[in-house]
Amino acid sequence: MTLLFVVNPISGGVDKEPFLKEAKAICTNYGIDFQIFKTSGSEDDVKLKAILKDYNPDRVVSVGGDGTTLFTSIGLLNTDIPMGIVPLGSANGMAVELEVAQKPIEAFKDILMSNIIGDLDVLCVNDTHYCIHIGDVGINAAIVNGYEKDENRGMATYAKYFIEALSNVEPFKMKIECNTSMHELQGVMLGICNARKYGTGVPLNLDGNPMDGVFELVILEKINANILISAGLSSFDETFLDSQNQTVLSTSEAKISFNEPRLLQLDGEVIGEFESIHVKVLKGAVKLISTKRNGYL
Ligand SMILES: Nc1ncnc2c1ncn2[C@@H]1O[C@H](COP(=O)(O)OP(=O)(O)OP(=O)(O)O)[C@@H](O)[C@H]1O
């Protein structure tokens, strides 16, 4: 077997060397040939493409958080090379959804051993951007925007922007054209969901499945701020959804338009302001090394 590790050295502010040392020792012990690609933040997509072409590994190990999982997934589009996730980011929302082992070295052993390869959907947005977990427009995009620009990290900083965004909630109108239906709706947030829960544990929809060939648009009509705050930031569970008025649309393609440009975030990264958004599912575009723990399979 040949393995390519794709490592983001900065994700989660976690030192990756202890994991890599242990993983390298396992590879050496079992005669597994490997290469390590560390992202630098500059032209990583081009470099990854080149190494995939030259080395053509049997499996790819993505080491980092959700941003790294997305980066590796995009690199593997249009290849049949399967990818597994070693969760070493700050939130690891996608890894949690896919029931990846929480201990990095256990997740790595699963990647080496498992013959269970699932078809992971990828969302393509406006033909140029990608999303594998959750994107949104509205309140959460504003939180992510504030958080990204702040040099401080962690839940306290997140909470600061969370509360600030809650106090500035303004409903907005949107027109949504799905495969077979048209909708004119108003809400404080539009979620674009390949999965169910944010990395913080906040569930956005209960129907999401990143391996079913469709995605969900979730329109929250209003946010019950009192309930959110009194629930405590770290203790959301599925009862959160009962307190919100929401519409859920399942589709494989959608065109969404607003009255004015609105901020879009995809998988925790602010993409920019758009007056219209086109989302299309790339069904089973990434081969995901998984285990029977993954309830989506
Ligand atoms: N070595 C590096 N130095 C600086 N920036 C980097 C480096 N490697 C990758 N990046 C940049 O970091 C971003 C990806 O980090 P991101 O925070 O999304 O990762 P992550 O895996 O989700 O981690 P976290 O869970 O901490 O958010 C990309 O914009 C990428 O270009």
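What you see is a predicted model; the values in this text were computed from it and never measured.

1. Quick notes on the site of the ligand
Alright, step 1. Around the ligand there are 18 residues in total, and Ser-11, Gly-41, Gly-65, Gly-67 and Gly-89 lie nearest to it.
Alright, step 2. With three residues, the single largest contributor to the shell around the ligand is helix α3 (residues 66-76).
Alright, step 3. Residues of the shell around the ligand, tallied by class, amount to three nonpolar, 13 polar and two charged.

2. A few points about the domain arrangement of the chain
By a widely used convention, the size of an interface equals the accessible area lost when the partners come together.
Alright, step 1. Per the domain assignment, the segments making up the chain are domain 1 (2-113) and domain 2 (129-282).
Alright, step 2. On a C-alpha basis, the centroid separation for the pair domain 1 and domain 2 is 27 Å.
Alright, step 3. With 13 residues of domain 1 in contact, the opposing surface of domain 2 contributes 14 residues.
Alright, step 4. The biggest single contributor to the side of domain 1 that touches domain 2 is α3, with six residues.
Alright, step 5. For the side of domain 1 that touches domain 2, the per-class residue count stands at four nonpolar, seven polar and two charged.

3. Observations concerning the pairing of strand β14 (residues 269-290)
Alright, step 1. One ladder, built from nine bridges, connects strand β5 (residues 116-125) with β14; its direction is antiparallel. The residue bridging Ile-116 from the neighbouring strand is Ser-290, located in β14.
Alright, step 2. If you look at the hairpin formed by strand β13 (residues 253-266) and β14, you'll find two residues sitting between the two strands, and Asp-267 has a positive phi there, around 50°.

4. A word on the environment of Leu-3
Alright, step 1. With respect to the helices, strands and loops of the structure, Leu-3 is situated in strand β1 (residues 2-7).
Alright, step 2. Separated by 21 residues in the primary sequence, Leu-3 and Lys-24 have C-alpha atoms spaced 11 Å apart.
Alright, step 3. Sequence-distant contacts of Leu-3, that is, excluding residues within four places in its chain, are made with Cys-27, Ile-32, Phe-34, Pro-57, Asp-58, Arg-59 and Val-61.

5. Comments concerning the nonpolar core
Alright, step 1. Within the largest apolar cluster, 70 residues are counted, with the highest numbers of intra-cluster contacts made by Phe-5, Val-6, Val-61, Val-63, Val-86, Leu-190 and Ile-192.
Alright, step 2. Domain assignment of the residues forming this core places at least three in each of domain 1 (2-113) and domain 2 (129-282).
Alright, step 3. Apart from the residues lying within four places of it in its own chain, the contact partners of Val-6 are Phe-37, Leu-48, Val-60, Val-61, Ser-62, Val-63, Thr-68 and Thr-72.

6. A closer look at helix α7 (residues 155-166)
Alright, step 1. With twelve residues, α7 should cover 16 Å at 1.5 Å per step; its first-to-last C-alpha distance of 16 Å lies within 8% of that length.
Alright, step 2. Looking only at α7, the buried set comprises Tyr-158, Phe-162 and Ala-165. One side of α7 holds all its buried residues, which, seen down the axis, span an arc of 70°. Projecting away from the buried face of α7 at angles above 90 degrees are the exposed residues Ala-156 and Glu-164.

7. Thoughts on the UniProt feature "domain: DAGKc" (unreviewed entry) in the chain
Alright, step 1. In the UniProt entry, the feature "domain: DAGKc" (unreviewed entry) is given for residues 1-129.
Alright, step 2. Secondary structure content for residues 1-129 is 40% helix and 26% strand, and the end C-alpha separation is 32 Å.

8. Some details on the environment of Leu-112
Alright, step 1. Position of Leu-112 relative to the elements: it lies in helix α5 (residues 104-113).
Alright, step 2. When the C-alpha positions of Leu-112 and Ser-276 are compared, they lie 42 Å apart, and in sequence the two are 164 residues distant.

9. What to know about the environment of Glu-99
Alright, step 1. Among the secondary structure elements, Glu-99 is positioned in the loop between α4 (93-97) and α5.
Alright, step 2. When the C-alpha atoms of Glu-99 and Asn-179 are compared, they prove to be 30 Å apart, with 80 residues separating the residues in sequence.
Alright, step 3. What Glu-99 contacts, discounting residues up to four positions off in sequence, is Arg-293, Asn-294 and Gly-295.

10. Regarding unusual backbone geometry
Alright, step 1. Unlike most non-glycine residues, Asn-56 shows phi in positive territory, near 45°.
Alright, step 2. Within the fold, Asn-56 resides in the loop between α2 (44-55) and β3 (59-64).
Alright, step 3. Judged by C-beta crowding, with 11 C-beta atoms within 10 Å, Asn-56 ranks as exposed.
Alright, step 4. Backbone geometry places Asp-127, a non-glycine residue, at a positive phi of 65°.
Alright, step 5. Secondary-structure assignment places Asp-127 in the loop between β5 and β6 (129-131).

11. So, the pairing of strand β11 (residues 215-222)
Alright, step 1. In terms of burial, β11 is a largely internal element, six of the eight residues being buried.
Alright, step 2. In terms of strand pairing, strand β10 (residues 189-193) meets β11 through five bridges, oriented antiparallel. Residue pairing in the sheet places Leu-190 in a bridge with Ile-219 of β11.
Alright, step 3. Here β11 runs beside strand β12 (residues 245-251); their pairing, made up of seven bridges, is antiparallel. Directly across from Leu-220, in β12, lies its bridge partner Gln-246.

Basis of the calculations
Here the residue numbering is sequential within each chain, running from 1 through the sequence in written order. Side-chain atom pairs in this predicted model are given and counted only at pLDDT of 80 or more, local residue features only at pLDDT of at least 70, and totals for whole chains, interfaces and linings cover all residues. Each residue receives a C-beta atom built from its backbone; the residue is near a molecule or strand if that atom lies within 6 Å of it. Only runs of H or I of at least four residues qualify as helices and only runs of E of at least two qualify as strands under DSSP, and these elements are numbered from the N terminus. Residues were grouped as follows: Ala, Val, Leu, Ile, Met, Phe, Trp, Tyr, Cys and Pro as nonpolar; Asp, Glu, Lys and Arg as charged; and all remaining residues, including Gly, as polar. Here the bounds of each domain stem from an automatic or database domain assignment. Residues are treated as contacting if the C-beta atoms built from their backbones sit within 7 Å of each other. At least two bridges found by DSSP between two strands is the condition for calling them paired. Here a nonpolar core is just a set of buried residues of the types Ala, Val, Leu, Ile, Met, Phe, Trp, Tyr and Cys, joined wherever their C-beta atoms sit within 7 Å. Once C-beta atoms are placed from the backbone, each residue is buried if 20 or more other C-beta atoms lie within 10 Å of its own, exposed if 12 or fewer, and partly exposed for counts between those two. For a helix, the expected span equals 1.5 Å multiplied by the residue count minus one. Read the arc as the range of directions from the helix axis to the C-beta atoms. UniProt positions are given in the numbering used here, feature names are shortened, and annotations may be inferred rather than shown by experiment.

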